[in-house]
Amino acid sequence: MNKKLSVGMAISLIAIACAITYVVTITVSTNMFNRRIGGVTQREEIYSKIEEIDTYVRNASYYDIDEETLISAIVNGYVDGLSDSHAEYLTAAQAYKRQQLDSGTLVSIGVEVSREESGYLIVDKIYVGSPADSLDIRVGDIITEVAGSNVLEIGAEAAMSALDGDDGTNVRISVQRSGETITLTATRRSFIIRSVSSTLVSGYGYIRIDTFNGLTGDQFVSELQSLEAQGVYGYVIDVRGTDGTYGCLQQMLSRFISAQLLANARYKDGTVAKFLEVTGEATVDVPVVVIADESTSGAAELFTVCMKDFAGAKVVGKQTAGHGEVTETKNLSDGTAIVLTTAELLPTGQTSIEGGVKVDFSVDLTADMNTAPTETAVSDPQVKKAFEVLESMKNQ
């Protein structure tokens, strides 16, 4: 039997519903308002504190202020105060260098250096095909002078910047090696970073990826096609100590994985969007082993995850760094830049990047054995194990 609702009761229910809606709306609006006002108040406190300190220092300090150094220190302090391990402030020179590295084309003498304990610069890497590649300079050399200035006097950062410059210009540097000082002149010029190399080992292809940049996809496909033409039985892909940009992954992974959504990105507001997807049919049908280690991060980690989950690859080496985030470089009006984490990577397979990608075969690496294999010999224990696993996969 149907029960009829009285007019009074209906009006009461409508009033209650309206009251609930009003309360919810007011609560949400108030929370949003408080968050915004809270942010404004906190920003005002920051600006007020800096202004107070700045006014006092300019009136009372015995020492002159280097405005450029001061601004850089303030911005670096802001970035260091963020709960973002990937956040970074780049000077104009550093931002320009980062753009070049990401693009895959560099204007430089062709060396990567870092500050050594003594304060001088040590040569960590020499790019193949760069000006330095044809000069008497080696990995491990200590750079003591750049453009006539002692590195200790001008500082390591200024010395690093002095190594770079316009295409076609020269720079004079002095290096120490085994107690001997060598002075040479290098001409800065534009060259393509060779990020991928390969060799054939006992019928298998070994591919080494040094970084992921704007040209890595084309170079990887070229090396892959060269090895394919030789009828290889499988591939070992080495991404140890490697990171870089994600843009080349679609081109690389589409060779091994047929149409598939490989990863999403989750942003601060909770929205999730497609991040990496391949289309078409895979062309490689031989077994693959990926070598990774504790320094494998970023694009190299996502590559490893996708190859493991969607291409059936085995992973040899050590657990990866666990940096499953998307970073964005924001170029500022004065040529400087800020690097910031903007999203979390969500691979669609079973393997997570968070905490590091676990390997299928854990192998320690002796420091003096991290060398590429020759056509007939393998001394690196991780590479050796990778070829053993590849051989067992071929026979399955």
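Residues numbered from 1 in each chain as written. Predicted model: local features only at pLDDT ≥ 70, side-chain atom pairs only at ≥ 80, totals over all residues. Heavy atoms only, no water.

**Comments concerning the overall build of the protein**
- If you tally the helices and strands in the protein, you get 9 helices and 19 strands.
- Out of the 396 residues in the protein, the part that is buried amounts to 36%.
- Intrachain contacts of the protein at a sequence separation of at least 6 include 65% that bridge at least 24 residues.
- For the protein, the computed accessible surface area is about 22300 Å², with 51% contributed by carbon and sulfur atoms. (Helix = DSSP H or I, 4+ residues; strand = E, 2+ residues; numbered from the N terminus. Buried < 20%, exposed > 50% of the residue type's maximum accessible area, 1.4 Å probe, protein only. Contact = heavy atoms within 4.5 Å. Areas by Shrake-Rupley, 256 points an atom, 1.4 Å probe, with all protein chains shown as cover.)

**Quick notes on the pairing of strand β5 (residues 142-146)**
- Here β5 lies mainly inside the structure; 4 of its 5 residues are buried.
- Judged from the 4 bridges that link them, β5 and strand β7 (residues 170-177) form a sheet pairing that is antiparallel. Counted as the bridge partner of I143 is V175 from β7.
- In this structure, β5 lies alongside strand β6 (residues 149-150), joined through 2 bridges in antiparallel fashion. Within the sheet, the bridge partner assigned to V146 lies in β6 and is S149.
- Two successive antiparallel strands, β5 and β6, enclose a turn made up of 2 residues, where A147 displays a positive phi of approximately 55°. (Pairing = 2+ DSSP bridges.)

**Some details on the nonpolar core**
- Counting 42 residues, the largest nonpolar core has F212, I237, L253 and F303 as its most contacted members.
- Ranked by the residues each element gives to this core, the list is headed by helix α8 (residues 299-310), at 7 residues.
- Ignoring sequence-local partners within four residues, the contact set of I237 consists of I207, I209, F220, F256, V288, V289, V290, I291, F303 and M307.
- Listed in part, the 22 residues of the second largest apolar core include I109, V123, L163 and L184. (Core = buried A, V, L, I, M, F, W, Y, C linked by side-chain atoms within 4.5 Å.)

**Some words on the sheet that holds strand β12 (residues 235-238)**
- As summarised here, the arrangement of the 6 strands in space is β10-β11-β12-β15-β16-β19, forming an open sheet in which the pairing is mixed. At either margin of the open sheet sits one strand with a lone partner, and together these are β10 (196-201) and β19 (361-362).
- Sheet analysis places strand β16 (residues 314-317) next to β19, joined by 2 bridges and oriented parallel. Looking across to β19, one finds that G317 is bridged to S362.
- Where helix α6 (residues 216-228) meets the sheet, its contacts fall on β10, β11 (204-209) and β12, and the angle it forms with β10 comes to roughly 15°.
- Along the sheet, α8 contacts β12, β15 (288-292) and β16; its crossing angle with β15, the most-contacted strand, is approximately 150°. (Axes fitted to C-alpha atoms, helices over the stretch in contact; angles between N-to-C directions.)

**Here's the deal with the pattern of salt bridges**
- A full pass over the atoms with the stated rule returns 14 salt bridges.
- A salt bridge links E344 to R266; the nearest nitrogen and oxygen atoms lie 2.8 Å apart. Linking E344 in strand β18 (residues 337-347) with R266 in strand β13 (residues 260-267), this pair joins segments that are 78 residues apart in sequence.
- By relative accessible area, R266 is classed as partly exposed at 35%.
- Between D364 and K318 there is a salt bridge, with the nearest N and O atoms lying 2.9 Å from each other. A residue pair is termed long-range when its members are at least 10 positions apart, and D364 in the loop between β19 and α9 (381-394) and K318 in the loop between β16 and β17 (325-331) qualify at 46 residues.
- Residue D364 is classed as exposed on the basis of its relative accessible area, which comes to 57%. (Salt bridge = Lys/Arg side-chain N within 4 Å of Asp/Glu carboxyl O.)

**Side note on the pairing of β7**
- Pairing analysis gives 8 bridges linking β7 to strand β8 (residues 180-187), with the strands arranged antiparallel. Note that in β8 the partner of V171 across the bridge is A186.
- Once β7 ends, the chain turns through 2 residues before running back antiparallel as β8, passing S178 with a positive phi of about 55°.

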